[in-house]
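Below are the chains, spelled out letter by letter.
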2 protein chains.
Amino acid sequence: MKFKQLKGSIVAPRGFLASGVFCDIKRLGTGKGSQKGNKRDLALIVSEAPATVAGMFTTNQVCAAPVKVCLERVKHGKAQVVVVNSGNANACTGRQGLKDAREMARFTERALAVDAGLALVGSTGRIGVPLPMDHIRAGIIEAAMLLGRTNRHADQAAEAILTSDTRPKQIAVEFSLDGRAVRIGGICKGAGMIQPGMSPTGRRPASQPLHATMLCFLTTDAAVEPKVLRTALQEAVAQSFNRITVDGDMSTNDTVLLLANGQAGNKPATHRASKTPPPTFQAALNHVCLELAKMIVRDGEGVHRVVTVRVSGAKTKADADAAARAVANSALVKTSWHGGDPNWGRIMDAIGYSSARVVEHKVDIGYSAPGSRKILWSLQRGQPTRVSFKQLCLAVAPKEFELHIQLNLGRGSAVIHAADLTEEYVEFNKGDVTDPTRLGG
Amino acid sequence: MKFKQLKGSIVAPRGFLASGVFCDIKRLGTGKGSQKGNKRDLALIVSEAPATVAGMFTTNQVCAAPVKVCLERVKHGKAQVVVVNSGNANACTGRQGLKDAREMARFTERALAVDAGLALVGSTGRIGVPLPMDHIRAGIIEAAMLLGRTNRHADQAAEAILTSDTRPKQIAVEFSLDGRAVRIGGICKGAGMIQPGMSPTGRRPASQPLHATMLCFLTTDAAVEPKVLRTALQEAVAQSFNRITVDGDMSTNDTVLLLANGQAGNKPATHRASKTPPPTFQAALNHVCLELAKMIVRDGEGVHRVVTVRVSGAKTKADADAAARAVANSALVKTSWHGGDPNWGRIMDAIGYSSARVVEHKVDIGYSAPGSRKILWSLQRGQPTRVSFKQLCLAVAPKEFELHIQLNLGRGSAVIHAADLTEEYVEFNKGDVTDPTRLGG
């Protein structure tokens, strides 16, 4: 399905405003860090009227204070404001952290004269450092004054939520629902500690695989009641953010929030009318989430190559997922992708130690261009094909390609959007212990 | 328990001979590879008389031909020779691979005039390339002629089994059993694709965690019957090789073999006499395996720092193991170790997404020197202590240190011997696709 692309991301849907400001959350200003000193670090996303809300949250048991506050608040299905800071995750900050996250929400409500309970919070950055609440409050006041509905306002909000990302990530689409033009927009951030496994409750379903901070904030002017919105968001996240990995580390702060303010004037989508969300709405939301998720992988820390790992023919869906994640998170497979090396031996090794059922002499492994059905098979039924090494090297040379693994055991399939592992990733994450802003965690 | 250290590793026990030769298994000789052209690549380990044997093998479902052959043969509990090549793993080589591994064993038996069925095989190196059997046969003939019982012979065998290792790994100890001086010796190799999870049957116990090629060959002159030897080896491997990780990738070829020829003249250890192996023998075997396992981690690909991760107070032993492996295999934790950064936030994140039960405000995290009981706590009950960042940096600066994670939820504990993740690891494993010897896998 094709959607009309719009500019303005989160302010493209009617009735939404945004802003992004610098309030020095990392408390820089001197020394090495000062060059980043004026990167925006606090964003506001505001609906003119209270909106329906749904959220998906990290299933990490060590879960940041803003996630806990959102979990409490989204239950009621209503929200009007999202306040987000970068530079500090407010994770592993104990009772003070929880107090700070609630204060951040309440202060925003007061600054915007919004009803109590209608502000949600998001944080990303260093773990284990208390939020500098004086900076946060000053930032909220400034951001409230600067709210607007132009593309520039959305750009500034998209910039303010970034950490090690090299560029903002934004999208907006328009489609027709009940004869009305409906819009969905979103911004997100990622870069490192990326293998989200989110659920609506923050609890991990038994069936869910265990797996950065990624934050995503979505707006729509569609009228959708909370239960339907939640179903739609869960479905969209399951096939997008929960299917990406940069480094295999699931963050303490992963959060996706979707606000629907109903200003498009469509007939409200209710659970009573249909247990599944309107198909066009679901398709558009899936598209928005998948495009944002892929932007996160492409802009992952040190990432040179993006690989879509497609496992099919697994005994079960869970098996397909396990095999795909084993390959997508194998240090040896990821370094071979970086080297442009079609090393199927490492791929066979990884599926072999995964929890998926694998029979060596049944496995096919091949490559294609993104979205292409023309697969170049390097291995069929466990045996190398006559395709030359040079041809295989050409297949894995592009910045993006697809890896196809057919287990020939059943009908289970899964897709994981993965990245290579590069010297830059190591260089970046080994950090600099002489950097004064690292103190504490 | 202290053991007398001896030189000569596998030939230290009475009645064992060894040799290591170069037979050009990688088929080099020209171009880039020629500099490695004369590294020994085929080893023989021979007992003067048939010996009792026990083995532990990779639980990877994609399992190399030599592992399959060993699995068939160790069942009988008797062996006299081990023939090992490096440079080619004989993995993912289909029926031809299995035929080649069997031929390698039979050819060795004939060359040494040993009874059929008494030779075991090991291979390590590239996956997916047929064994160059003409080179292998020539190598076996030469190695058979050069067999000897001096330390130099053991050194040459220890060298011949290496791949990306930078140095040979050897040990031998002596202890007293029934008033007799008994010896155990061993050689091993590791470097990359290291997170063994071996079992005696190659089948994965439901309780066993999923997790390079590591090969280890052990000799002893103790008299131990097969069932007792197997119990002893399983126990020794469970607390050594199955508790190390370099890169989290479990190989297709992991193998440990132990030959016991009884020449020490002790009273044979039988299952009827005692269901558990003689305590001194078990302790000595545990010591030998743990020392060899640690040598593998220290010489892992690109490894700068070795960290012993000790998780205690977990709800169950399986929980402790899961938490320790999540930390030991987290790209973010491993890069912080490389950077000398005591980043407890990343450690909290990793235990939080592990399958272990974790309660944030109960967790203690600390550091000590290897084997020291003096722990410097960075986090207690989920809260940062007053220990300064500088002090913590000093604690993680040495080439080896211990990380203590106390979950305070129960009595489950586990230890994993882990390594950092460096630019050199990535550089080495991204490989060089222009290298002609890489063709095929």
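Residues numbered from 1 in each chain as written. Chains lettered and ligands numbered in written order. Predicted model: local features only at pLDDT ≥ 70, side-chain atom pairs only at ≥ 80, totals over all residues.

Turning to the overall build of chain A, a few remarks are in order. From N to C terminus, chain A includes 11 helices and 16 strands. Against the globule reference of 22 Å for 441 residues, chain A gives a C-alpha radius of gyration of 22 Å, in line with a compact fold. With the principal axes as the frame, chain A shows a C-alpha extent of 70 × 60 × 35 Å. The proportion of buried residues among the 441 residues of chain A is 60%. (Helix = DSSP H or I, 4+ residues; strand = E, 2+ residues; numbered from the N terminus. Rg over C-alpha atoms; globule rule 2.2 N^0.38 Å. Buried ≥ 20, exposed ≤ 12 C-beta atoms within 10 Å, placed from the backbone.)

Once that is clear, we can look at the interface of chain A and chain B. With 59 residues of chain A in contact, the opposing surface of chain B contributes 59 residues. Where the side of chain A that touches chain B is concerned, the elements lending two or more residues are α8 (331-338), α9 (344-353), β14 (383-384), α10 (389-395) and α11 (423-430) of chain A. Looking at the side of chain A that touches chain B element by element, the count peaks at 8 residues for α9 of chain A. For the side of chain A that touches chain B, the residue count by class is 22 nonpolar, 28 polar and 9 charged. (Contact = placed C-beta atoms within 7 Å. Nonpolar A, V, L, I, M, F, W, Y, C, P; charged D, E, K, R; others polar.)

Now for the relation of the copies chain A and chain B. When chain A is fitted to chain B, the best match, at an RMSD of 0.0 Å, comes from turning it 180° and sliding it 0.0 Å along the axis. The transformation relating the two chain copies, once decomposed into turn and shift, fits a two-fold axis. Relative to the rotation axis, the closest C-alpha in chain A is found at Glu423 of chain A, a distance of 2.4 Å. Mapped onto chain B, 100% of the interface residues of chain A again fall at the interface, so both copies present the same surface. (Least-squares fit on C-alpha atoms with pLDDT ≥ 70 in both.)

Moving on to the domain arrangement of chain A. Assigned domains within chain A: domain 1 (4-298) and domain 2 (306-421). Facing 12 residues of domain 1 of chain A, the contacting portion of domain 2 of chain A comprises 12 residues. (Domains from an automatic or database assignment.)

Moving on, we get to the nonpolar core. Counting 288 residues, the largest nonpolar core has Ala323, Val327 and Ile351 of chain A together with Ala323, Val327 and Ile351 of chain B as its most contacted members. Not counting residues within four places of it along the chain, the set of residues in contact with Ile351 of chain A comprises Ala323, Ala326, Val327, Ala356, Val358 and Ile405 of chain A together with Val62 of chain B. (Core = buried A, V, L, I, M, F, W, Y, C linked by C-beta atoms within 7 Å.)

Residues and elements named next belong to chain A. Along the chain, Ile405 turns up in strand β15 (residues 400-406). Distance from Ile405 to Trp377, taken between C-alpha atoms, is 9.6 Å for residues 28 residues apart in sequence. Ignoring any residue separated from it by four or fewer positions in sequence, one finds Ile405 in contact with Arg310, Val311, Ala323, Val327, Ile347, Ile351, Val363 and Ile365.

Looking now at the sheet that holds strand β13 (residues 376-380) of chain A. Residues and elements named next belong to chain A. Read across the open sheet, the 6 strands follow the order β14-β13-β12-β15-β11-β16; overall the sheet is mixed. Every interior strand has two partners, whereas the edge strands, β14 and β16 (412-419), have only one. With 7 bridges connecting them, strand β11 (residues 306-314) and β15 associate as parallel partners. Pairing of Thr308 across the sheet is with Glu402, part of β15. Of the strands in this sheet, β11, β15 and β16 touch helix α7 (residues 317-328), which is tilted by about 20° from β16. (Pairing = 2+ DSSP bridges. Axes fitted to C-alpha atoms, helices over the stretch in contact; angles between N-to-C directions.)

Looking now at the environment of Leu177 of chain B. Residues and elements named next belong to chain B. By the secondary structure assignment, Leu177 is in strand β6 (residues 169-177). Overall, Leu177 belongs to the buried group, with 21 C-beta atoms counted inside 10 Å. Other than its neighbours up to four places away in sequence, Leu177 contacts Val182, Ala222, Asn266, Pro278, Thr280 and Phe281.

This part covers the pairing of strand β12 (residues 364-368) of chain A. Residues and elements named next belong to chain A. Taking burial as the measure, the 5 residues of β12 include 4 buried ones, the bulk of the element. Pairing geometry for β12 and β15, over 5 bridges, is antiparallel. The residue of β15 that forms the bridge with Ile365 is Ile405. Sheet topology places β12 next to β13; 3 bridges connect them, and they run antiparallel. Bridge pairing in β13 links Ile365 to Leu379.

Residues and elements named next belong to chain A. Where β13 meets β14, 2 bridges bridge the pair, whose relative direction is antiparallel. Residue pairing for β14: Gln380 is matched across the bridge by Gln383. Hairpin geometry of β13 and β14 is characterised by an intervening segment of 2 residues between the two adjacent antiparallel strands and by a positive phi of about 50° at Arg381.

Here the focus is the packing of helix α1 (residues 65-74) of chain B against helix α2 (residues 94-112) of chain B. Residue and element names in this part refer to chain B. At a minimum axis separation of 8 Å, α1 and α2 run at an interaxial angle of 55°. On the basis of the axis angle, α1 is oblique to α2. At the point where α1 passes α2, the crossing takes the right-handed sense. For the pair α1 and α2, the contacting residues are Ala65, Pro66, Lys68 and Val69 in the first and Gly97, Leu98, Asp100, Ala101, Arg102 and Ala105 in the second. Looking at the contact of α1 with α2 residue by residue, the classes come out as 6 nonpolar, 1 polar and 3 charged. (Parallel < 35°, antiparallel > 145°, perpendicular 65-115°, else oblique. Left-handed = near helix turned anticlockwise from the far one by under 90°.)

The next point concerns the sheet that holds strand β13 (residues 376-380) of chain B. Reading across from one edge, β14-β13-β12-β15-β11-β16 (chain B) is the order of the 6 strands in this open sheet, with mixed pairing throughout. Where the open sheet ends on each side, the last strands, each with one partner, are β14 (383-384) and β16 (412-419) of chain B.

All names here are of chain A. This prediction gives chain A a mean pLDDT of 90; 92% of its residues lie at or above 70. Taken as a whole, residues 28-36 scores under 50 in pLDDT and shows 13 contacts with residues more than four places along the chain or in a different chain. Low pLDDT (under 50) marks residues 436-441, which in the prediction has 19 contacts with non-local residues, meaning those over four places away or in another chain. Both confidence scores are given for the complex: pTM 0.87, ipTM 0.85. (pLDDT = per-residue confidence, 0-100.)

Moving on, we come to the environment of Lys39 of chain B. Residue and element names in this part refer to chain B. Turning to its location among the elements, Lys39 is positioned in the loop between β2 (16-21) and β3 (42-58). By the C-beta count within 10 Å, which is 18 here, Lys39 ends up partly exposed. Lys39 sits 102 residues away from Ile141 along the chain, and the two C-alpha atoms are 17 Å apart.

When two helices pack together, their arrangement is given by the angle between their axes and by how far apart the axes lie. Relative to each other, α11 of chain A and helix α8 (residues 331-338) of chain B sit at 70°, their axes nearing to 8 Å. Comparing the axis directions of α11 of chain A and α8 of chain B gives the class roughly perpendicular. In this structure, α11 of chain A meets α8 of chain B at a crossing whose hand is right-handed. Contact residues: α11 of chain A offers Val426, Asn429 and Lys430 of chain A, while α8 of chain B offers Leu332, Thr335, Ser336 and His338 of chain B.

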